[in-house]
There are 2 protein chains.
Amino acid sequence: MDSMGIMVRKQTAADQALRLDNQICFAVYSTAHAFNRVYKPLLDRLGLTYPQYLVMLALWERDDVAVKDLGERLFLDSGTLTPLLKRLEAAELIKRTRSTEDERVVLIALTAQGHALREKAKAVPQSILAASDCSVGELLAMKDEIVALRDRLNAALGE
Amino acid sequence: MDSMGIMVRKQTAADQALRLDNQICFAVYSTAHAFNRVYKPLLDRLGLTYPQYLVMLALWERDDVAVKDLGERLFLDSGTLTPLLKRLEAAELIKRTRSTEDERVVLIALTAQGHALREKAKAVPQSILAASDCSVGELLAMKDEIVALRDRLNAALGE
DNA sequence: CTCAATTGAATTGTGCGCAATATAAATTAT
DNA sequence: ATAATTTATATTGCGCACAATTCAATTGAG
């Protein structure tokens, strides 16, 4: 109520918290999509989608790894990775082979083409940096903050 | 080459930039998924998915709006929104009606149930805040930085 | 050693996200 | 007024994400 006795909606903290513009989750969600859209034309030239690019980044650092291991590094499960990896295999960028030591494990290794693609990919980060219109230092600082948030969120899940 | 004349791979800036851990895009991507996983059990109680929750947040601020308008606020197109809105209509949270002034336009309005759901949703942000294990001030500061980045990325798209 | 429990991957089903296309309504140009 | 263009939404197809389930291989308890 205001002083005239007319019903006025009180803007509580809970009301404020529900505003779209106040939500960090929406900021993160919409920025992820913005990144995806900036990456799209660059990755089209490599014949990769953005999630496939992430898988290739992980494999360029270390391959001959289990699907499980890849999933832990990328925070993805087999439901996402299995079909994605089959598409990368169809594109002859990776090879999937059952481990002889443990027949449950499928090992992912890069093919020669998969290794070679890394050279073409080297140009990508530079383009992204340009699109972000931001210094490397600023981006790395933000990255650290966001990763810290992600890790706290993931920790909350495990409780 | 090192001093012994043995071939040693030089770690160039381009090599560093391809490291998964150095990529802000992966930080944003994986944090968006982490948020989604934290939201899931909370939103299940409301019968909403996370994108549906975002649509409801937007509508609680202003409804009786065109699909186009909703899309601009959420950075989504009709290919995403049309089926999502049909599901919200099936759940009787919203009503879709053709505008009489412009028959191309579909107006989205909340139903009584749609309005009512807002009360149940008020508890959500508090739970997210707790999971993020972060002060409101820190989160708002990060949010502003991320939104600024998103806006620069989107601006780069328009060029 | 045997059987239950666990583990790693694959499968199924649902819901985004988006490019490309289609369609109908409105606007503009001629 | 008619044709060409633009605009708003819908549809189709593909590729994630992820929950839930299945299945085979491995491990562990008794």
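Residues numbered from 1 in each chain as written. Chains lettered and ligands numbered in written order. Predicted model: local features only at pLDDT ≥ 70, side-chain atom pairs only at ≥ 80, totals over all residues. Heavy atoms only, no water.

All names here are of chain B. Relative to the elements of secondary structure, Gly 114 occurs in helix H6 (residues 112-121). Note on Gly 114: relative accessible area 0%, which makes it buried. Between the C-alpha atom of Gly 114 and that of Lys 95, which follows or precedes it by 19 residues, the distance is 9.3 Å. With sequence-adjacent residues up to four places away left out, Gly 114 is seen in contact with Met 56, Trp 60, Glu 92 and Leu 93. (Helix = DSSP H or I, 4+ residues; strand = E, 2+ residues; numbered from the N terminus. Buried < 20%, exposed > 50% of the residue type's maximum accessible area, 1.4 Å probe, protein only. Contact = heavy atoms within 4.5 Å.)

With 57 residues of chain B at the interface, the matching set in chain A holds 57 residues. Both sides of the chain B and chain A interface together cover about 5,900 Å² of buried area, and 70% of this is carbon and sulfur. Per-residue buried area on chain B facing chain A is highest for Leu 18, Tyr 29 and Leu 153 of chain B; these three make up 11% of the total on that side. The interface formed by chain B and chain A contains four salt bridges. (Buried area = accessible area lost by both parts, 1.4 Å probe. Salt bridge = Lys/Arg side-chain N within 4 Å of Asp/Glu carboxyl O.)

Further remarks concern the sheet that holds strand S3 (residues 106-110) of chain A. All names here are of chain A. Read across the sheet, three strands follow the order S1-S3-S2 without closing on themselves; strand pairing throughout is antiparallel. Of all the strands in the sheet, the pair left with one neighbour each is strand S1 (65-66) and strand S2 (94-98). The strands that helix H5 (residues 78-90) touches are S2 and S3; relative to S2, the one it contacts most, it runs at about 120 degrees. (Pairing = 2+ DSSP bridges. Axes fitted to C-alpha atoms, helices over the stretch in contact; angles between N-to-C directions.)

With that settled, consider the protein's contact with DNA strand D. Taken together, 29 residues sit near DNA strand D, with Thr 49 of chain A together with Tyr 29, Lys 68, Lys 86 and Arg 96 of chain B positioned nearest. Across the atoms of DNA strand D situated within 4 Å of the protein, the share located in sugar and phosphate is 80%. Val 106 of chain B is positioned such that a nitrogen or oxygen atom in its backbone is 3.0 Å from a phosphate oxygen of DNA strand D. For the surface near DNA strand D, the elements supplying multiple residues, two or more each, are helix H3 (50-61) and H5 of chain A together with helix H2 (24-44), helix H4 (67-74), helix H5 (78-90) and strand S2 (94-98) of chain B. (Near = heavy atom within 4 Å. Polar contact = N/O pair within 3.5 Å; in protein donor to acceptor, adjacent residues only side chain to side chain.)

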